[in-house]
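# Breakdown of the fold
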Amino acid sequence: MELSKRVLQLKTSPVRKLVPYAEEAIKNGKKIYHLNIGQPDIETPVEFYDAIKNFKDKTLEYAHSAGLVQLREEIQKYYRNLGLNYSLDEILITVGGSEALYFTLISLFDEGDEILIPEPYYANYNSFYDLLNIKVVPIKTSGDNGFHLPEKSEIEKLITPKTRAIMFSNPGNPTGIVYRKDELEMINEISKENNLFVISDEVYREFIYGENRAISFGEFEDAKDRTIIIDSISKRYSACGARIGCIISKNKEFMKYIYKLCQSRLSAPTLDMVGATALYEIDNSYFIPVKEEYEKRRNILFQELSKMEGVKCSEPEGAFYSIVKLPVKSAETFCIWLLEKFHVNNETVMLAPAEGFYKTEGLGKNEVRISYVLKSEDLIKSMEILRAGLIEYRSLFEK
Ligand SMILES: Cc1ncc(COP(=O)(O)O)c(C=O)c1O
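Residues numbered from 1 in each chain as written. Predicted model: local features only at pLDDT ≥ 70, side-chain atom pairs only at ≥ 80, totals over all residues. Heavy atoms only, no water.

### Regarding the sheet that holds strand β12 (residues 367-371)
Quick note on the threshold: Note: two strands are recorded as paired if DSSP finds a minimum of 2 bridges between them. Each helix is a run of H or I in the DSSP string that is no shorter than four residues. Each strand is a run of E no shorter than two, and both are numbered from the N terminus.
If you trace the three strands from one edge of the open sheet to the other, you get β9-β12-β11, paired in antiparallel fashion. Sheet topology places β9 (321-325) and β11 (352-353) at the edges, where each strand pairs with a single neighbour. When β9 meets β12, the two strands line up antiparallel, connected through five bridges. Across the sheet, the residue bridging to tyrosine 321 is serine 371, located in β12.

What follows is the structure, given as structure tokens:
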């Protein structure tokens, strides 16, 4: 019996590709510091659990397909605080940002249509692109200038009659980029001149360090019919397991079809929406210590990496990731070696080889993505292990 070509072509995410090696290492008694996944160790606010404990309905019913009204109202308030006004029918709740992405792509793309996206990009987008047969046209960016966008004319060259949208995450996974106002203005101009949708994945909005400000694409009034914002509570409230996200757009026709897709899966998880409502009710001051904590980790990571011989990375400005160039030929081989052969006092680190975050063949081979989601002591230890690992690996294999 054969499975569909659609699923057979699916690739394993670079973040999870090395899981079998990690499982084996754990079986052999090694402790692993996970710098490969974006699973923060920050506690989920207690308000989430309390709201679920206080849920007294005798039957756990399907919720409205559009999402609980109370949750949509809270999200509406959250956006109003950012200076953005959305009516309730411009906010639809999804099962994580992931479903928001999937539904958006289903609604905008036919097979063979093209999407423009700066690379490296969040590798899980590929599952959706591949399932829907969307052709990815990468906009090349480089760590040498902090992964900022190239000139407008470079991007325009990539547009064909089949291009339907420009998509990006801001702040960016996996690069930690925060796009500047002029870069977003350029995207706005390109999208206007070429009649393209803009899919702005803003799930890391709260996590910006230093001078910059998170500019939502929703701020571009003249782009409102072309803009789709992807959002989620996973990172904002450190609640990845709650599976609540949303799609926000002022394009009524688009939202009409998103709603149909929401109806097709009946309901987002009711209890998770109850918890998420309580999260959005929390005062904004909640973000201050959380952001400080990530900033501290970002600083540790950057300082420690800067001290390592041959290692290069630009200072991440947002989210909690960094693309790091290592002085090895194959980052993947090195990452596997770290899991299989290396340890410091029976501890090692797991990194994500960055090749899978690129579309262009051959790019990212000597890079890894590091997530700074561990507390400072663990991050410092991880950096010591990485430094020792690099020295030993190079002396063994790359002299
Ligand atoms: C850029 C980006 N977008 C969307 C998501 C999806 O998150 P979730 O489905 O948990 O909301 C993630 C998760 O890591 C992400 O990094």
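### A short note on the sheet that holds strand β7 (residues 227-232)
Convention followed: Fitted lines through C-alpha atoms give the axes, limited to the stretch in contact for helices. The angle between two N-to-C directions lies from 0 to 180 degrees. Should any heavy atoms of two residues lie within 4.5 Å, those residues are considered in contact.
Taken in spatial order, the seven strands of this open sheet run β2-β8-β7-β6-β5-β3-β4, and their pairing is mixed. Strands at the two margins of the open sheet, each flanked by one partner only, are β2 (91-94) and β4 (135-140). If you compare each strand with its neighbour and ignore which way they point, the axes differ by 25° on average. Pairing of strand β6 (residues 197-201) with β7, which is carried by four bridges, proceeds in the parallel orientation. Within β7, the position partnered with valine 198 by the bridge is threonine 227. Against the sheet, helix α8 (residues 181-194) touches β5 (163-169) and β6, its axis set at about 165° to β5. Along the sheet face, helix α9 (residues 252-264) touches β2, β7 and β8 (245-248) and points at about 30° away from the line of β2.

### Digging into the site of the ligand
Heads up, the condition is: Nearness here has a simple test: a residue counts as near a molecule or strand if at least one of its heavy atoms is within 4 Å of that partner. Think of a polar contact as two N or O atoms within 3.5 Å of one another; within protein, one of them needs to be a possible hydrogen donor and the other a possible acceptor, and neighboring residues in sequence only count if both atoms come from side chains. Residue-level accessible areas treat just the shown protein chains as cover; the underlying method is Shrake-Rupley with a 1.4 Å probe. Residues are called lining when one of their atoms sits within 4 Å of a cavity or pocket point, these points coming from a 1 Å grid over the protein atoms alone, where a cavity is a set in which a 1.4 Å probe fits but cannot get out and a pocket is an open set with protein on both sides within 12 Å along at least five of seven lines. For a molecule to be placed in a cavity or pocket, more than half of its atoms must lie within 2 Å of the grid points of that cavity or pocket.
The ligand sits among 15 residues. The nearest are Gly97, Ser98, Asp201, Ser232 and Ser234. Between the ligand and arginine 243, the relevant distance is 2.8 Å, taken from an oxygen atom to a side-chain nitrogen or oxygen of the residue. Burial of the ligand by the protein chains amounts to 93% of its free accessible area of 400 Å². Given that more than half its atoms are within 2 Å of the pocket grid, the ligand belongs to the largest pocket. The dominant element in the shell around the ligand, judged by the number of residues it contributes, is helix α5 (residues 96-108), at four residues.

### Describing the pattern of salt bridges
Heads up, the rule is: Any Lys or Arg side-chain nitrogen located within 4 Å of an Asp or Glu carboxyl oxygen qualifies as a salt bridge. The classification of residues rests on relative accessible area computed with a 1.4 Å probe and restricted to protein chains. Under 20% of the type maximum is buried, over 50% is exposed, and intermediate values are partly exposed.
Applying the stated criterion across every chain, the model contains 32 salt bridges. Between arginine 180 and glutamate 317 there is a salt bridge whose closest N-O contact spans 2.8 Å. With arginine 180 in the loop between β5 and α8 and glutamate 317 in the loop between α11 (287-307) and β9, the pair connects residues that are 137 residues apart, well separated along the chain. The partner of aspartate 222 in a salt bridge is lysine 192, and the shortest N-O contact between them spans 2.8 Å. Here lysine 192 lies in helix α8 and aspartate 222 lies in the loop between β6 and β7, a separation of 30 residues in the sequence. With a relative accessible area of 43%, aspartate 222 lands in the partly exposed category. For lysine 192, a relative accessible area of 47% corresponds to the partly exposed category.

### Quick word on unusual backbone geometry
Here the bond from glutamate 119 into proline 120 is cis, since omega is 0°, no more than 30 degrees from zero. With respect to the helices and strands, the residue proline 120 is situated in the loop between β3 (114-119) and α6 (125-131). Here the residue pair asparagine 173 and proline 174 is connected by a cis peptide bond, since its omega of 15° sits within 30 degrees of zero. By the element assignment, proline 174 lies in the loop between β5 and α8. The phi torsion at asparagine 133 lies on the positive side, around 55°, for a residue other than glycine. Within the secondary structure, asparagine 133 sits in the loop between α6 and β4. Looking at asparagine 133, the relative accessible area reads 41%, which means it is partly exposed. The residue arginine 243 is not glycine, and still its phi comes out positive at about 60°. Structurally, the position occupied by arginine 243 is in the loop between β7 and β8. Accessibility expressed as a relative area gives 29% for arginine 243, which makes it partly exposed.

### Some thoughts on the pairing of β6
Two faces, one strand: in a regular strand the side chains alternate between the faces of the sheet. Stated precisely, the cut-off is as follows: With the strands aimed away from the viewer, a crossover counts as right-handed if its path from the first strand over the helix to the second runs clockwise.
Here β6 lies mainly inside the structure; five of its five residues are buried. Both faces of β6 are covered, namely the face carrying Phe197, Ile199 and Asp201 and the face carrying Val198 and Ser200. Note that β5 and β6 share five bridges and pair parallel. Across the sheet, methionine 167 pairs through a bridge with isoleucine 199, a residue of β6. The β-α-β motif built from β5, the intervening α8 and the parallel element β6 has right-handed crossover chirality.

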